[in-house]
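# Structural overview
Chain residues, written in single-letter form:
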Amino acid sequence: MHNFQLSMPTRIIFGRGEVENAGAEAAKLAGKVMLVTGRTSTRKTGVLQRVMHSLEAAGVEVVLYDKIEPNPRTHTVDQGGRIAREAGCELIIGLGGGSPMDAAKAIATVAKSGHPSHEYITGNKTGRWRELLPIQEALPIMTIPTLAATGSEANNGGVLTHEATKEKGAFSGPALFPKVTIIDPELTYTVSPEYTADGAVDVFTHLYEAYLTGAEEARVQDHLTEGLIRAAVENGPIAVAEPENYEARAALMWASTLALIGIAGAGRGGSFPVHQMEHTLSAYYDISHGRGLAILTPAYFKRVAEDRPHRLARMGRHCFGVKATDDQLAAAETIERVIEWFRSMNVHLKMSDLGIARDSLLPMAEEAVRVGGRGQGFIPATRQLDVREVVAIYE
Ligand code: NZQ
Ligand code: ZN
């Protein structure tokens, strides 16, 4: 186990009906807030109106910014930041999936600094992120997730897309930990089967990436990670089939928060190559993050089976009921079991299913290696994936 420091400062309020406390919680932090949300779902499900009423009842003045697209764009965030700054908002609330929550973090940053958000994203060609990260100053943030996937509700990072250059990258810093998050699993009842499955795959990927690439010895982290993977594996298909199963939704939601809050990965190190390959993929094709991860995972696992079969074998035995004692055989069986799990949620897909053109594979691989090589790390414990290998995985 490596040495580590861990800070988890976000106060978590979890449970059925807790969304009604949004106003009371916000009023402790600010008199005027910007409420950042997506373009459709929160209005359609009525949660936006519930949060607005709760804020108004608590005497909190609200500036609504309901323009966040899935895979949020830097120009959308910059506009939000300008409005929040000019209106004198004192707290930014992200309501929705990872996209509105990440956008809220970026808006809180831009409103404070006045810098364009593009400059903060890791690997952007201006190089400014080297000076600006980690982000030390931002307006206070609160989050209310409506989808179990990213863990953005209680972590200090976000992801933005700069459309003009097809750059998608992460930004992070201590100032971005939300002060408080209200996690009400009932808000996820309306998430479609497709996005529910994508979210479960995202949770799984946040857990397996460092587990497969990081320190060999991290025994507590191994057990934490395996327990959380099992929670996602068991409850993903239940939530897909029974959208209003509270316990399945609550388990997925809590697993998503714990998967990327730092607790499972601290002391392990490791890298996030599948995330890097997916971020480039969704920058080029604007697909759902979890869906991209589902496409890439089986091909990536075949590379891991060559390099570190024992890690894949261990995951299979602890999380997917694999019985084989030989590591090579167990690793191969793990890949089959993971594909079965994906199939059970209808997310076993190929690039061609999403209309991704073969001639974009090389430029995407070059971009993934360019950003990943410098940014969040692209080096599994044994070797660095190069452009040729990334093309092979995309293929
Ligand atoms: O378009 P809106 O109206 O927002 O509706 C959304 C969107 O269409 C809809 N939705 C959300 N909650 C719903 C709902 N529909 C019905 N009922 C509900 N309760 O679902 C669609 C997807 O939403 P989105 O927020 O885009 O999904 P997700 O949570 O997967 O977030 C994806 C973004 O987060 C980034 C991804 O790269 C991507 O940009 N990530 C952020 C991370 C972080 N902050 O730590 C880590 C992740 O690895 C990830 O990279
Ligand atoms: Zn992810």
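Quick caveat: nothing in here was measured; it's all calculated off a predicted structure. (Residues numbered from 1 in each chain as written. Chains lettered and ligands numbered in written order. Predicted model: local features only at pLDDT ≥ 70, side-chain atom pairs only at ≥ 80, totals over all residues.)

On to the site of ligand 1, then. By nearness alone, 34 residues border ligand 1, and Gly38, Pro70, Gly97, Gly98 and Ser152 come closest of all. At the level of secondary structure, the elements contributing two or more residues to the shell around ligand 1 comprise helix H2 (41-45), helix H5 (98-113), strand S6 (157-162), helix H7 (193-213) and helix H11 (289-307). If you tally residues by element for the shell around ligand 1, the top one is H5, at four residues. Class assignment for the residues of the shell around ligand 1 results in nine nonpolar, 22 polar and three charged. (Near = placed C-beta within 6 Å. Helix = DSSP H or I, 4+ residues; strand = E, 2+ residues; numbered from the N terminus. Nonpolar A, V, L, I, M, F, W, Y, C, P; charged D, E, K, R; others polar.)

Position of arginine 343 relative to the elements: it lies in helix H13 (residues 327-344). For arginine 343, a count of 11 C-beta atoms within 10 Å corresponds to the exposed category. A C-alpha to C-alpha distance of 34 Å links arginine 343 and serine 172, two positions 171 residues apart in sequence. (Buried ≥ 20, exposed ≤ 12 C-beta atoms within 10 Å, placed from the backbone.)

Attention now goes to the confidence of the model for the chain. The pLDDT averaged across the chain works out to 95; a share of 97% of its residues lies at or above 70. Confidence over residues 374-379 falls short of pLDDT 50; this stretch has 21 contacts with residues more than four positions distant or in other chains. Complex prediction metrics read pTM 0.97 and ipTM 0.99. (pLDDT = per-residue confidence, 0-100. Contact = placed C-beta atoms within 7 Å.)

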